[in-house]
Amino acid sequence: MQRFRSKHPFMNPLHQNYKHTQAVKQLLGLTGKEAAIVQSIVAFGRHAEFKFQIPPKVMYTSLVGDYINGFYQPCFTDEQLRMFSARLNMAKAGKKLLRKLHMQQFNY
């Protein structure tokens, strides 16, 4: 990545996002066909320049909405979506608690 005149290396976002989608699938308890529904998208701002052809599912942020709107069939039931929301909220709360406990170790 180049910002102004200095260059900075960064992880391959496709590899990094793969790990993120696997974590989401595990957290939501998705397996088999349901797990295959989870889509990975990597989006860059409008100032990003690519030296090579952009791979599939890599796009500019301005195109993400159109990509998502291209899916017409509901994938999950309302009950599943409520369950997913509850699991994500529990994970978020757990992360906050772990961070708080970790920081308390440094406060004497």
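The model shown is predicted, which means the values in this text are computed figures rather than measured ones.

About the thresholds
- Residues numbered from 1 in each chain as written.
- Predicted model: local features only at pLDDT ≥ 70, side-chain atom pairs only at ≥ 80, totals over all residues.
- Heavy atoms only, no water.
- Helix = DSSP H or I, 4+ residues; strand = E, 2+ residues; numbered from the N terminus.
- Patch = residues over 30% accessible without salt bridge, like charges linked within 9 Å, V, L, I, M, F, W, Y side chains within 5 Å.
- Areas by Shrake-Rupley, 256 points an atom, 1.4 Å probe, with all protein chains shown as cover.
- Salt bridge = Lys/Arg side-chain N within 4 Å of Asp/Glu carboxyl O.
- Lys, Arg positive; Asp, Glu negative; His and termini not counted.
- Charge placed at Lys NZ, Arg CZ, Asp CG, Glu CD.
- 1 Å grid on protein atoms, 1.4 Å probe; cavity = no way out; pocket = protein on both sides within 12 Å on 5 of 7 lines; lining within 4 Å.
- Points joined across faces, edges and corners; volume = space filled by probe spheres on them.
- Nonpolar A, V, L, I, M, F, W, Y, C, P; charged D, E, K, R; others polar.
- Buried < 20%, exposed > 50% of the residue type's maximum accessible area, 1.4 Å probe, protein only.
- Contact = heavy atoms within 4.5 Å.
- Phe/Tyr/Trp six-rings, centres within 6.5 Å; stacked < 30°, edge-to-face > 60°.

Draft legend 1. Structural view of unusual backbone geometry. Positive phi is not limited to glycine here, since Lys57 has a value of about 65°. Looking at the element boundaries, Lys57 is found in the loop between strand S3 (42-44) and strand S4 (58-60).

Draft legend 2. Seen up close, a positive patch on the surface. Judged by side-chain charge, Lys92, Lys95, Lys96 and Arg99 come together as a positively charged surface patch. Secondary-structure assignment places Lys92 in helix H4 (residues 78-104).

Draft legend 3. Main features of the layout of surface pockets. Each pocket or cavity is described by its volume, and for the second largest pocket that value is around 250 Å³. Of the residues in the lining of the second largest pocket, the class split is nine nonpolar, two polar and no charged.

Draft legend 4. Here's a closer look at the side chain of Thr21. By the secondary structure assignment, Thr21 is in helix H1 (residues 13-28). Taking relative accessible area as the criterion, Thr21 reaches 11% and is therefore assigned buried. Ignoring any residue separated from it by four or fewer positions in sequence, one finds Thr21 in contact with Val38, Gln39 and Ser40.

Draft legend 5. Region of the structure containing the packing of aromatic side chains. The full count for this structure, using the stated rule, is two aromatic pairs. Consider the rings of Tyr67 and Phe71, whose centres lie 5.3 Å apart with planes at 80°: the pair is edge-to-face. Tyr67 gets classed as partly exposed once you look at its relative accessible area, which sits at 22%. Classification of Phe71 by relative accessible area gives partly exposed; the value is 44%.

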